[in-house]
Amino acid sequence: MEQKHDDDPNFLLLLQTLDQQKNWDGCPLVEYNGFWLPLRFFRSILSTLKQFKPENNDLLLASFPKSGTTWLKALAVSIAGRNTIADGQSPLLNSNPHKLVPFLEYDDPDHLKHLPSPRIISTHISYKTLPESIREESECEIIYICRNLLDTFVSYRHFSLDNKLGQGYDDAGPPPLGLDEALDIFCQGIYMSGTIWDHVLGYWKAHLEDPQRVLFLKYEDLQEDTSFYVKKIAAFMGYPFSEEEDKQGVIEEIVRLCSINNLKILEVNKKGKFRSIVKTSSLFRKGEVGDWRNYLSADMARSLGTDHEDNGV
Ligand code: A3P
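Everything in this summary refers to the structure shown in the same document. Keep in mind it's a predicted model, so treat the numbers as computed, not measured.

Another point: the sheet that holds strand E7 (residues 214–218). Across the sheet, four strands lie side by side as E5-E4-E6-E7; this open sheet has parallel pairing. Where the open sheet ends on each side, the last strands, each with one partner, are strand E5 (120–123) and E7. On average, each strand axis in the sheet is tilted by 20° relative to the strand beside it, whichever way the strands run. Two elements, strand E4 (residues 59–63) and E5, share four bridges in a ladder whose sense is parallel. What sits directly across from Ala62, in E5, is Thr123.

Here the focus is the side chain of Ser67. Tracing the backbone shows Ser67 in the loop between E4 and helix H3 (69–80). A distance of 2.8 Å separates a polar side-chain atom of Ser67 from the backbone oxygen of Phe64. Not counting the four nearest positions on each side in its chain, Ser67 is found in contact with Ile145, Cys146, Arg147, Thr152 and Tyr219.

Moving on: the packing of H3 against helix H14 (residues 250–258). At a minimum axis distance of 9 Å, the contact between H3 and H14 shows a crossing angle of 145°. Between H3 and H14 lies a crossing whose hand is right-handed. Residues Trp71, Ala74, Leu75, Ser78 and Ile79 of H3 lie in contact with H14, whose contacting residues are Ile254, Leu257 and Cys258.

This paragraph deals with the pattern of salt bridges. Taken as a whole and assessed by the stated rule, the structure comprises 14 salt bridges. A salt bridge links Glu136 to Arg135; the nearest nitrogen and oxygen atoms lie 3.7 Å apart. According to the relative accessible area criterion, Arg135 is partly exposed, its value standing at 21%. A salt bridge links Lys231 to Asp246; the shortest N-O distance between them is 3.9 Å. Here Lys231, found in helix H12 (residues 226–237), pairs with Asp246, found in helix H13 (residues 243–248); they are 15 residues apart in sequence, far enough to count as distant. For Lys231, a relative accessible area of 39% corresponds to the partly exposed category.

Moving on: the sheet that holds strand E2 (residues 28–32). Pairing within the open sheet is antiparallel, and its three strands lie in the order E1-E2-E3. The open sheet is flanked by strand E1 (20–22) and strand E3 (35–38), the only strands paired with a single partner. Here the average twist between neighbouring strands, direction ignored, is 40°. In this structure, E2 lies alongside E3, joined through four bridges in antiparallel fashion. Bridge assignment links Tyr32 to a residue of E3, and that residue is Phe35. Sitting on the sheet, helix H2 (residues 39–51) touches E1, E2 and E3, and the angle it makes with E3 is about 100°.

Bringing the packing of aromatic side chains into the picture now. Counting across every chain of the model gives 17 aromatic pairs. Relative to Phe186, the ring of Phe153 has its centre 5.1 Å away and its plane inclined at 45°; by these criteria the two rings are tilted. In this pair, Phe153 is assigned in helix H8 (residues 149–163) and Phe186 in helix H9 (residues 179–188), connecting sequence segments 33 residues apart. A residue is classified by how much of its surface remains accessible, and Phe186, at 1% relative accessible area, is buried. Put simply, the rings of Phe64, Phe153, Tyr156, Phe159, Phe186, Tyr191 and Trp197 touch in pairs and so form one group of aromatic residues. If you follow Lys73 out to its NZ or CZ, it ends over the ring of Phe103, 3.7 Å from the centre.

How each quantity is defined
- Residues numbered from 1 in each chain as written.
- Predicted model: local features only at pLDDT ≥ 70, side-chain atom pairs only at ≥ 80, totals over all residues.
- Heavy atoms only, no water.
- Pairing = 2+ DSSP bridges.
- Helix = DSSP H or I, 4+ residues; strand = E, 2+ residues; numbered from the N terminus.
- Axes fitted to C-alpha atoms, helices over the stretch in contact; angles between N-to-C directions.
- Polar contact = N/O pair within 3.5 Å; in protein donor to acceptor, adjacent residues only side chain to side chain.
- Contact = heavy atoms within 4.5 Å.
- Left-handed = near helix turned anticlockwise from the far one by under 90°.
- Salt bridge = Lys/Arg side-chain N within 4 Å of Asp/Glu carboxyl O.
- Buried < 20%, exposed > 50% of the residue type's maximum accessible area, 1.4 Å probe, protein only.
- Phe/Tyr/Trp six-rings, centres within 6.5 Å; stacked < 30°, edge-to-face > 60°.
- Lys NZ or Arg CZ within 6 Å of the ring centre and 35° of its normal.

Structure, rendered in structure tokens:
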């Protein structure tokens, strides 16, 4: 929920103490708690973080933007509501995964309160910035998905340009920077929800500390053996598949239903906008591992200082 922030003196005072920069696409960012958040949502993010009351059986799907959030949402909804799938009644047929699993920081807090229990909620907020009520006080579980840095960068670039994200809602912003400069800014860590390294590391450490509470997934692993991870996610969520379900092909049906090739041809995902600025179709682009090679040179990849020959982050 976007909010104007010119009427609250305390908020304005806080803003004055924080660093502000622009993302490569022109989107104004503010650095809070070591992470870059979109300025236009900053006030509502802060108030949601303060007010959110987790329930012990909540499931939080966490990710860095463009790491497979939409896929994870589709899978979690399908696993939790798999009885509906057999009757051809999957909610994915009529609703985009983001409608079914709202964002903690972007969607209406009242909507979150009224979700059916157990609630499934998503977030791009870093582990460190999650409300203490989630990190320390509740038993709610977290599934985190991460993805190769360069694929994430390339995916976000397409998404942002396609939706003119940096130019805001009125097309009045500055033109986005070119690929080289954009990668440079990404390397500096000034990036929506960044830095990506700290984002991934925060959830990785939380997973190491308590693997029963934080499941850590890689997009590439999911691509390689989706059925295996669907089973793993289901067991983590507390809804393991029975042998009978396995034999009946329920797992394979969930894999098929949630595949990008299936989701992108559903009428509900082909047209319309999501949160009034994002074209729903832009959520389903290619879904390929290593697509960065089609856009970035080996030198550009090396500028990130990591070995990108494998799929690691
Ligand atoms: P590409 O832009 O590389 O194609 P997020 O959901 O976090 O915004 O991530 C978006 C990326 O996930 C996009 O990657 C998108 O195409 C891909 N994606 C969306 N739905 C998917 C699905 N069902 N299976 C695999 N990848 C999917």
